Structure formats: structure tokens, C-alpha cells
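Now for the letters of each chain:
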Amino acid sequence: MGKFYSSKTLYPNAPVGGDFANIDKFVTNTSLVCNTSVGGSIWNLVGPKSINGQNMGRLISVAVDPTNYDVIYAGSFTSGLWKSVDGGVNWYNVTDVLRIPILGVTSLSIDNSNTNIIFISTGYNDDWMNHAKFGTGVYKSLDGGLTWLPTGLSFPFPSSPEIVEVVKVHPTMPNIIIAAGGKNIYRSNDGGNSFSVSLINGLSADIVSINDLEFSLVDPSIIYASTNWNGSISLSAGAQFFVSSDFGLSWNSQSIPNINYLVYNPDGTFNLSPSLGSKASGQIAIDVTPAEPNAVYIAYSNGKYQYVQKSLDNGINWSQENIVNSSNWTIASGKFVFEVSNQNSSNYYIGSIKMRRKIGTAWSSSLTGIHDDMRGMSQMPTITGNDFFV
């Protein structure tokens, strides 16, 4: 049983908050939060639009209180963190109190043991827009976002801003916080009061940043991390996947299989082309699922096809689970989102410029009639038996 929420990014003409790049002057739609309770086949708008003259801007992260699904948090590209306590009917900004004029919330993580405790990472780097919003580190709230405290991972604004791409609270040991930004992974064992830089073995010089983190569902000491990529892909070079087996103190690179460029057939089969294979380009996205807790899944592209791979031994060996011809639905050069169903590990959801889902053996478009441009997705249990997203 699963429930998903997703944030959709468009470029608003916003007087307060929102993007200010020149391209944004020509698009006036506001960003949207949508949900679905029928496995991603139908999506409903749950807001927000303009609140007291302030638009949210592009949305890049989303999370839902696991104990109360009416409480939704949405992180904006430039206007901070927004909260709804009535399932998306009404929204209000909870980070204006920080008095930071431009604040991107790249990710947020809720403490499972006390859902009033929230961590947010700040900044945002968008390859497609070719400009960055620099962040001030990681913040912590003890009261559901009403007030915020700086953590031990802080960067002075505006003198020394840095982007923190992702922050995660350990699901069963909430004093352990893992964050990643640039070429660093940071670890706290005291609830965010202090952070240290973890040792990463084998990180390529062409890596731009570490962009995704997930915890193993069966071994609390194991954590997964992945990167994006800024160089030319080849048989020996591309985005990377890392594993820590000591609660994030140190990380080791695990090779993902080389992938061949394939010929897509109308009946859904694929044939190997004569061209050489390559590593993953762009970025690698990670997910784990209670439907198959021993597995870790990754999604990535070689520029033409989107691949889903699965490992049952923490990245030592991989099996190819699915391939989709991405020429039929554009993959953004920036961040995309990837979720494996909590109900059925054969079902996947990949959000980029288009939202796609795989149910059984078939891929289909999940959102129609709008420019999807997905940048965040959250999934949680329901009693309906269907996947539910926001």
C-alpha cells in the first residue's frame, strides 16, 4: 500500500520568491503539488498557488508527515519551505523567519520517532537553468517548522554560501544525520549539533556533486550514495554509486554495469547495437522499497535510454530490471526523481520533464496536459492497496 506526493516545477512570474532568471519572465504558471491514490494514473492538484501575493516559485522537494498525511511540506527553488496542515488546501511559509531573501530547500527529512523534528538542506544547482542558488547549510526544527536552528553544518550568508543537495535522518537511529553537498558527505552522530566530513574512496574528479542518499532497510549500518556527472561517459567513466557499511563514516565506490546503446523495437524488446557501451551519464537516482527490503535500486540514463538496475548484495552485483526508450519522453539534464513502488517492486515511477510509470511490463505517461517537470516525490503507506504519491 503506498501513497505518493510529487512537486511539479514551472517558472512563475512571482513578485516575491520564485525564480528571477531571464527565461522566467516568459512563463507565468506557478508550481504545483499534486497527489495520486490510484498508482499514479490520475493526479489531483492540491496547491499551492499564490498566497498573499507571494508565489512559491519552482518546487524542488516535498515530504509528508508519516503520522498525519494532511501535513505536507514543499521546498521551493528560491522562496524557502512551505507547509500545509489541511492536505494542501491552505499553505504558509515557515522559513521566512530566517530572514534569508533567496532560500532554496533542496531536500527535507522528517524524524520518524518525532515528526515535529525536521531537517532541511539549502541551496540548489540546476544544470538546465545554468545558474545556482547557494545555500547556507542544514537547518533543524523541533516544532514542525515554526522555528529553526542552525546545525553544525552551516555556511555563512552571503560570504561563503554552499549547496547541500540532500539531508537524511537515519530511520531507526535519529541522532545519525547524513548530508551531501558538492564532493563531500557529512555525518552527524548527535542530532545535527556537529558534523564531520566522511572519507570517500574512489571519487572521480569529474563528479560535480553527490546528489542522492538512501538507507538500507535491513542493515542500519549500510547507506547508499550516488553522484551526477560532468565529463564524457565511456566504458570506464560516468556517474558513481557508493556504499557505506559503518553508518556513513567511510564510503567505497561500487561499479555499476556498463550499458550498451540499444535498438528499441515496437513490441517492447531491445536489441544490442554495434556501438560501444558506456557508464551512466547525468545522474544516478537511488531507491529502496519495503516490497523487497533486501534490494537497492538505481535509475540512470546513457542519453538515449533510461535504465533500472537492482542489486541484492549492496552494489557488488547488478541485474538489469528494465529499459525505457527516453527518446519518446525527454529526460532533463538536471535532477530527476525515481521511486520503486512500496507495494510491488516491479513497478517504477520516474519523473523528469515527463512523468512516467511502469506497471507490469508497460511504461506509460502518468501526467497529461501539463508540463510535468518533476523535481520531488514522496511515497507513504495507505489502506487502499494503491501507490499514493505527492
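For the structure itself, look to the data block above.
Parameters and conventions
- Residues numbered from 1 in each chain as written.
- Predicted model: local features only at pLDDT ≥ 70, side-chain atom pairs only at ≥ 80, totals over all residues.
- Heavy atoms only, no water.
- Helix = DSSP H or I, 4+ residues; strand = E, 2+ residues; numbered from the N terminus.
- Buried < 20%, exposed > 50% of the residue type's maximum accessible area, 1.4 Å probe, protein only.
- Contact = heavy atoms within 4.5 Å.
- Areas by Shrake-Rupley, 256 points an atom, 1.4 Å probe, with all protein chains shown as cover.
- Pairing = 2+ DSSP bridges.
- Axes fitted to C-alpha atoms, helices over the stretch in contact; angles between N-to-C directions.
- Phe/Tyr/Trp six-rings, centres within 6.5 Å; stacked < 30°, edge-to-face > 60°.

Asker: Could you give an account of the overall build of the protein, with specific residues and numbers?
Answerer: Of the regular secondary structure elements, the protein holds zero helices and 35 strands. Among the 390 residues that make up the protein, the fraction classed as buried is 58%. The long-range fraction of contacts in the protein, counting pairs at least 24 apart against all pairs at least 6 apart in sequence, stands at 54%. Within the structure as shown, the protein displays about 15,300 Å² of accessible surface, and the carbon and sulfur contribution to it stands at 51%.

Asker: Which residues make up the pairing of strand S6 (residues 59-64), and what values do they have?
Answerer: In terms of burial, S6 is a largely internal element, six of the six residues being buried. Bridge count for S6 against strand S7 (residues 72-76) is five bridges, and the pairing is antiparallel. When the bridges of S7 are listed, Val64 appears paired with Ile72.

Asker: Talk me through the sheet that holds strand S16 (residues 166-169); I want residue IDs and the actual numbers.
Answerer: Pairing in this open sheet of four strands is antiparallel, and the strands run S16-S17-S18-S19 from one edge to the other. The sheet is open, and its two edges are formed by S16 and strand S19 (196-197), each paired on a single side. Two strands pair when backbone bridges link them, and strand S17 (residues 177-181) and strand S18 (residues 184-188) are joined in this way by five bridges, in the antiparallel orientation. What sits directly across from Ala179, in S18, is Tyr186.

Asker: Could you give an account of the sheet that holds strand S10 (residues 105-110), naming the residues involved and the relevant values?
Answerer: Whenever strands of a sheet pair, they do so through backbone hydrogen bonds, lying parallel or antiparallel. Taken in spatial order, the four strands of this open sheet run S10-S11-S14-S15, and their pairing is antiparallel. Across the chains shown, the open sheet's two edge strands, defined by having one partner strand only, are S10 and strand S15 (149-154). Across the sheet, the mean angle separating the axes of adjacent strands is 25° when strand polarity is ignored. Summarising the sheet, strand S11 (residues 118-122) and strand S14 (residues 137-141) pair through four bridges and their orientation is antiparallel. When the bridges of S14 are listed, Ile120 appears paired with Tyr139.

Asker: Any chance you could break down the environment of Ala299 for me, citing the residues and the numbers?
Answerer: Secondary-structure assignment places Ala299 in strand S28 (residues 296-301). Between the C-alpha atom of Ala299 and that of Ile284, which follows or precedes it by 15 residues, the distance is 5.8 Å. When near neighbours in sequence (up to four residues on either side) are disregarded, Ala299 contacts Gln283, Ile284, Ala285, Gln306, Tyr307, Val308, Phe336, Phe338 and Ile350.

Asker: I'd like to hear about the packing of aromatic side chains, residue by residue, with values.
Answerer: Summed over the entire model, instances satisfying the criterion amount to five aromatic pairs. The interplanar angle of 25° and the centroid separation of 5.9 Å between the aromatic rings of Tyr224 and Phe241 together place this pair among those described as stacked. With a gap of 17 residues between them, Tyr224 in strand S22 (residues 223-227) and Phe241 in strand S23 (residues 241-244) connect regions that are remote in the sequence. For the pair shown, Tyr224 and Phe241 are each scored as buried.

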